[in-house]
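The lines below spell out each chain.
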Amino acid sequence: MPGWNAAHIPDQSGRSAVVTGANSGIGYVTARELARRGASVVLACRSAARGRAAVIRLRAEVPGAQAAFMPLDLADLASVREFAAGYGARHASLDLLINNAGVMALPYGRTADGFETQFGVNHLGHFALTGLLLPRLRAAAPGARIVNVSSGFHVLGRIRPADAGPSDAGPAGAGLADPGGEHGYRRWIAYGRSKTANLLFTHELSRRFTAAASPLTAVAAHPGYASSNLHSGASKLEGPTLNSRVAALGNAVLAQPTTSGALPTLYAATAPGVGQDAFIGPRFGWRGAPVRSWRAGWTLDDASGELLWAASEKLTGVSYAALPR
């Protein structure tokens, strides 16, 4: 693992991949490097214009690449269902699902289905997508992997059982889907909770794969501090602020390039011997070659994972009926 880079990606010929948020940044690099090694890649992006432009760029950089765009808006469960149905109609199997897309530290907002935006996009959209594509992943097994891209900032937000469990105040998961409401909303805490959810989802998915003796593998990764469009999302919505200027300066001075930031994801997706529930990140926490990463203990809690899972099924309407508890 030390010194691992894109040149070490095993041959991916004959394998298929879906990468969400692949029109730019780490998602684009991930899709490009998988295609470079022979994979057939679907770039799942919200913007049709940017998604199609990314495919054109990728094909120019990797002549002969098998790459296609399909529309996917993770903030709209109807779009998630449409994507999964469209993919299933065109493809018999799926070897790699890279749940990369995300938003960070946005002002308070809601998805099309009424969920707080960060939790809705970063976790619930990917939870639904994974469940709907599970039959295609099972058809590709053994060797199929699901990679959930989390963040070191997961430490900012812990998911409490009361948030995920049923209560008199509302349905299961109501506290997760709209933490604090508009007036109690703290954007970085909400982001951390969504990234904790990515890790708890990976943990519970891995546990269920093991219980079912499934050949599928669920792992997680984080890019450290990488220069990407993720840092600019909030400023696009609310205009330039001190925080956005600091983020831009950090990108220019401290962040590693996206080619390096994508390596933990690529390692998690392709390296031999990556086990269930592994969490891969840069060697020095914020930059460096991919290694096994530290994670908060609460992201390995079975009870929290089960409650999050049950709440996510209820909120999205997507059930993983084939996987036992």
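Above: the structure in question.
This write-up is about the structure you can find in this document.

Definitions and limits used
Residues numbered from 1 in each chain as written. Predicted model: local features only at pLDDT ≥ 70, side-chain atom pairs only at ≥ 80, totals over all residues. Heavy atoms only, no water. Helix = DSSP H or I, 4+ residues; strand = E, 2+ residues; numbered from the N terminus. Buried < 20%, exposed > 50% of the residue type's maximum accessible area, 1.4 Å probe, protein only. Contact = heavy atoms within 4.5 Å. Areas by Shrake-Rupley, 256 points an atom, 1.4 Å probe, with all protein chains shown as cover. Core = buried A, V, L, I, M, F, W, Y, C linked by side-chain atoms within 4.5 Å. Pairing = 2+ DSSP bridges. Axes fitted to C-alpha atoms, helices over the stretch in contact; angles between N-to-C directions. Expected span 1.5 Å × (residues − 1). Bend = angle between axes of the 7 residues up to and from the residue. Polar contact = N/O pair within 3.5 Å; in protein donor to acceptor, adjacent residues only side chain to side chain. Phe/Tyr/Trp six-rings, centres within 6.5 Å; stacked < 30°, edge-to-face > 60°. Lys NZ or Arg CZ within 6 Å of the ring centre and 35° of its normal. Parallel < 35°, antiparallel > 145°, perpendicular 65-115°, else oblique. Nonpolar A, V, L, I, M, F, W, Y, C, P; charged D, E, K, R; others polar. Patch = residues over 30% accessible without salt bridge, like charges linked within 9 Å, V, L, I, M, F, W, Y side chains within 5 Å. Salt bridge = Lys/Arg side-chain N within 4 Å of Asp/Glu carboxyl O.

The next thing to look at is the overall build of the protein. Helix and strand counts for the protein stand at twelve helices and eight strands. Evaluated residue by residue, the protein yields a buried proportion of 55% over its 325 residues. Considering only contacts within the protein whose residues lie at least 6 apart along the sequence, 77% involve residues at least 24 apart. Total accessible area computed for the protein in this model is approximately 13200 Å², and 55% of it derives from carbon and sulfur atoms.

What tends to happen in soluble globular proteins is that the nonpolar side chains get buried as a cluster. Judged by nonpolar contacts, the single largest core of 46 residues is most densely connected at Phe83, Leu205 and Tyr320. Taken together, the elements giving at least two residues each to this core come down to β2 (40–45), α3 (77–90), α4 (117–140), α6 (174–177), α7 (187–211) and α12 (302–316). The contacts of Leu205, once residues within four sequence positions are left out, are Thr130, Ile146, Ala218, Trp309, Tyr320 and Leu323. One finds Leu43, Phe69, Ala262 and Val274 within the second-largest nonpolar core, a separate group that totals 38 residues.

The next point concerns the sheet that holds strand β5 (residues 145–149). Note: strands within a sheet are paired through backbone hydrogen bonds, in either parallel or antiparallel orientation. The sheet built from eight strands is open, its strands ordered β3-β2-β1-β4-β5-β6-β7-β8 with mixed pairing. The strands lining the two open edges of the sheet, one partner per strand, are β3 (66–71) and β8 (290–292). Ignoring which end each strand starts from, the neighbouring axes of this sheet average 20° apart. Strand direction decides the pairing type here: strand β1 (residues 16–20) and strand β4 (residues 96–99), joined by three bridges, are parallel. For Val18, the partnering residue across the bridge sits in β4 and is Leu97. Here helix α2 (residues 48–61) sits on the sheet and contacts β2 and β3; the angle it forms with β3, its principal contact strand, is near 175°. Packing of α4 onto the sheet brings it into contact with β1, β4 and β5, and relative to β4 it is tilted by some 175°.

So, about α4. Helix length check: α4 (24 residues) gives 32 Å between terminal C-alpha atoms against 34 Å at 1.5 Å per residue, within 8%. Approximately 50° is the largest bend angle found in α4, and it occurs at Leu134, with the proline Pro135 only one to four residues beyond. Residue Glu116 occupies the N-cap position of α4, its side-chain oxygen lying 2.9 Å from the main-chain nitrogen of Gln118.

This part is about the packing of aromatic side chains. Using the criterion set out here, one finds twelve aromatic pairs in the structure. On the numbers, 6.5 Å between centres and 20° between planes, the contact of Phe83 with Tyr87 is stacked. Of this pair, Phe83 and Tyr87 both sit in helix α3, four residues apart, which is roughly one turn of the helix. Of the two residues examined, Phe83 and Tyr87, each falls in the buried class. Taking 6.5 Å as the distance between ring centres and 75° as the angle between the ring planes, the aromatic pair formed by Phe201 and Tyr320 counts as edge-to-face. Linking Phe201 in helix α7 with Tyr320 in the segment after α12, this pair joins segments that are 119 residues apart in sequence. Looking at Phe201, the relative accessible area reads 3%, which means it is buried. The cationic tip of Arg57 hangs over the ring face of Tyr28; the distance from NZ or CZ to the ring centre is 4.1 Å.

This brings us to the packing of α4 against α12. Where α4 meets α12, the closest approach of the two axes is 10 Å, and the angle between their N-to-C directions is 85°. By the angle between their axes, α4 is roughly perpendicular relative to α12. Contact residues: Phe119, His123, Leu124, Phe127 and Ala128 in α4; Leu308, Trp309, Ser312, Glu313, Leu315 and Thr316 in α12. Each residue belonging to the contact of α4 with α12 can be placed in one class, and the counts come to seven nonpolar, three polar and one charged.

What follows deals with the environment of Cys45. Relative to the assigned elements, Cys45 resides in strand β2. It is 6.1 Å that separates the C-alpha atoms of Cys45 and Thr20, two residues lying 25 residues apart in sequence. In contact with Cys45, other than residues within four places in its own chain, are Ala22, Asn23, Gly51, Phe69, Met70, Pro71 and Leu72.

Moving on to a nonpolar patch on the surface. A cluster of nonpolar residues, Phe153, Val155, Leu156, Trp188 and Trp294, forms a patch on the protein surface that exposes about 500 Å² of accessible area. Its place among the elements puts Phe153 in the loop between β5 and α5 (161–164). Using a relative accessible area of 39% as the deciding quantity, one classes Phe153 as partly exposed.

The subject of this paragraph is the pattern of salt bridges. Tallied over the entire structure, the rule returns twelve salt bridges. Of the charged contacts in the structure, one is a salt bridge between Arg57 and Glu61, with a shortest N-O distance of 3.1 Å. Taken as a pair, Arg57 and Glu61 lie in helix α2 at a separation of four residues, close to a single helical turn. Judged by its relative accessible area of 43%, Arg57 is partly exposed. Several salt bridges converge on common partners, so that one network encompasses Arg32, Glu33, Arg36, Arg57 and Glu61.

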